[in-house]
Amino acid sequence: MIVDIIDKKRLGLELTKEELECVFNGYLEGKVKDYQMSSLLMAICIQGMSEREVFDLTKIFIDSGEILDWSSLNTVIVDKHSTGGIGDKTTLIVVPIVACCGVSVVKMSGRGLGYTGGTIDKLESIPDFKTDLSDKEIYENVKKVGAVITSQTKDICLLDKKVYALRDVTATVSSIPLIAVSIMSKKIASGADKIMLDVKYGNGALINDYDDALKLAQLMQKIGETYHKEVRYILSDMNVPLGYNIGNSLEVIEAIEVLKDNKKGHLKDVCVELASNMISMAHGIGVDKAKEQVEEVLLNGKAYQKFLEIINNQGGDVNLLKISDEVTEIRANKTGILGKISAIEIGKLSLNLGAGRKELTDNINHSVGVVLKKQVMDRVQDGEVIALIYGDSNYTVDNFSQIFEIN
Ligand code: URA
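What you are looking at is a predicted structure, and each value in this text was computed from that prediction instead of being measured. (Residues numbered from 1 in each chain as written. Predicted model: local features only at pLDDT ≥ 70, side-chain atom pairs only at ≥ 80, totals over all residues. Heavy atoms only, no water.)

Asks: Help me understand the pattern of salt bridges in this model?
Replies: Once the charged atoms of two side chains with opposite charge are near each other, the side chains can pair. Inspection of the entire model under this criterion finds 33 salt bridges. Where R111 meets D121, a salt bridge forms, and the shortest distance between an N and an O atom there is 3.3 Å. Here D121 lies in helix α6 (residues 119-123) and R111 lies in the loop between β2 (104-109) and α6, a separation of ten residues in the sequence. In this structure, a network of salt bridges that share partners links the residues R111, D121, E124 and R357. (Salt bridge = Lys/Arg side-chain N within 4 Å of Asp/Glu carboxyl O. Helix = DSSP H or I, 4+ residues; strand = E, 2+ residues; numbered from the N terminus.)

Have a look at this one:
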């Protein structure tokens, strides 16, 4: 009985593979109802799962959909995944870098929901860029330019789609085992050989605490190992937005600046770390050696050329990017050191401008967002412009202290 399985988890007991199959496959088939699954998910959130349960559930998720196989490409396929955050445009930078270092990438990305953006939305700010490639197009594009960035094909991990939509509205997103199962089932079903994870912690991330982010990263690595996939991770701070630009077109523009090697700082550092590890795994070389290659392709312009190649190959033209011409300045309210730029508050501001969606079916405005002119620890003068808001915002100076703190 479904109720007995839910009750078992409520009591903190381990579920067998058969019990997990019964509830989760039953949910996919419509035999188990939303209210029953919600109850089980909340019990999992509170009681957690053993590693064995996590491995079993990952397998159930993988088997619920198509499993992609890129072996006909005769190359090692490397993938990356970020657990999401504000201003996270790392995919746009990392994919061309590793592709021009001879590593093949099939990157399946998603759309944003809530405060965090999605790579596919960012790419769709480039007019005519095609994000829904068929398997045949993926194959041909990887052969031709070494990389694709595409939306997830409809048939991978069908259970994840259904369960994630329910988690989103039942306060069960932040469970470490459920996040691990959700992410790793999709990565494994997408057919990558090597997986690089960027696990975020902080107020703008799914997980607030560094130690919890570490537990999540280690659990995902163990899941990967059970499928003989090499998995590496970095943990990155999402208490402040990543980089200076937040919002779709604005993030593409910042990615281009990093690829042209015009911008140093935290965003570039995270991208170099991710790209170096991906190259290191694919080519079986040390991370330091891979890092030299990364710096070289940034410096000699090849990474930027590869970005243009990938974009053009999927039909896009970066010269057509649009930014709103409605601009509001945010000025410092005193002289001092910028102590806080709250990622979550910038995320909310950007969402309210229309850069993100409140519901999955909402349309977004690609041309709006926020550009930070300063970073945490920068010195600012009273009245100095520290950020620009692009788009129609209800920002007033009363909102200042929610987002920034000057000490
Ligand atoms: N991203 C996912 O794909 N799944 C989660 O559960 C959380 C973030």
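There is more to say after this.
Asks: Explain the nonpolar core to me, please; I cannot follow it from the model alone.
Replies: Side chains of nonpolar character tend, in soluble globular proteins, to be buried together. Membership of the largest hydrophobic core comes to 72 residues, with the highest contact counts inside it found for I97, F307 and F404. With ten residues, the top contributor of residues to this core is helix α12 (residues 266-283). Mapped onto the domain boundaries, this core takes at least three residues apiece from domain 2 (71-319) and domain 3 (323-406). Excluding its chain neighbours within four sequence positions, the residues that come into contact with F404 are I330, L338, K340, I341, L372, I386 and A387. (Core = buried A, V, L, I, M, F, W, Y, C linked by side-chain atoms within 4.5 Å. Buried < 20%, exposed > 50% of the residue type's maximum accessible area, 1.4 Å probe, protein only. Domains from an automatic or database assignment. Contact = heavy atoms within 4.5 Å.)

Asks: Explain the site of the ligand here, please?
Replies: Near the ligand the following residues occur: Y164, R167, I179, S182, I183, K186 and L206. Within the side chain of S182, an N or O atom sits 2.6 Å from a nitrogen atom of the ligand. The contact in question runs from an oxygen atom of the ligand to an N or O atom on the side chain of K186, over 2.4 Å. Put simply, the parts of the chain that give the shell around the ligand at least two residues each are α8 (158-168) and α9 (176-189). Take the shell around the ligand: its biggest share by element is four residues, from α9. (Near = heavy atom within 4 Å. Polar contact = N/O pair within 3.5 Å; in protein donor to acceptor, adjacent residues only side chain to side chain.)

Asks: It is not clear to me how the pairing of strand β9 (residues 369-372) should be interpreted in this structure. Could you clarify?
Replies: It is a general feature of regular strands that their side chains alternate between the two faces of the sheet. Of the two faces of β9, the one holding G369 and V371 and the one holding V370 and L372 are both buried throughout. For strand β6 (residues 245-246) and β9, the ladder comprises two bridges, and the chain directions are antiparallel. Within β9, the position partnered with I246 by the bridge is V370. With four bridges connecting them, β9 and strand β11 (residues 385-390) associate as antiparallel partners. By the bridge assignment, V371 is partnered in β11 with L388. (Pairing = 2+ DSSP bridges.)

Asks: Looking at this structure, how should I read the sheet that holds strand β12 (residues 404-406)?
Replies: Each strand in a sheet pairs with its neighbour through backbone hydrogen bonds, running either in the same direction (parallel) or in the opposite one (antiparallel). Spatially, β10-β8-β12 is the arrangement adopted by the three strands of the open sheet, whose pairing is antiparallel. One side of each edge strand has no neighbouring strand; the edge strands of this open sheet are β10 (379-380) and β12. As judged from the two bridges shared by strand β8 (residues 336-341) and β10, these two strands associate in the antiparallel manner. When the bridges of β10 are listed, G336 appears paired with V380.

Asks: I tried to follow the layout of surface pockets on my own but got confused; where do I start?
Replies: Remark: the empty space left among the atoms is shown by a probe the size of a water molecule rolled over them. In this structure, the second largest pocket encloses a volume near 220 Å³. As for the second largest pocket, its lining consists of E345, K348, L349, N352, L353, D392, S393, N394, Y395, N399, Q402 and I403. Of all elements in the fold, only α15 (343-353) and α16 (400-403) reach the threshold of two or more residues within the lining of the second largest pocket. No other element matches α15, which puts five residues into the lining of the second largest pocket. Grouping the constituent residues of the lining of the second largest pocket by class yields four nonpolar, five polar and three charged. (1 Å grid on protein atoms, 1.4 Å probe; cavity = no way out; pocket = protein on both sides within 12 Å on 5 of 7 lines; lining within 4 Å. Points joined across faces, edges and corners; volume = space filled by probe spheres on them. Nonpolar A, V, L, I, M, F, W, Y, C, P; charged D, E, K, R; others polar.)

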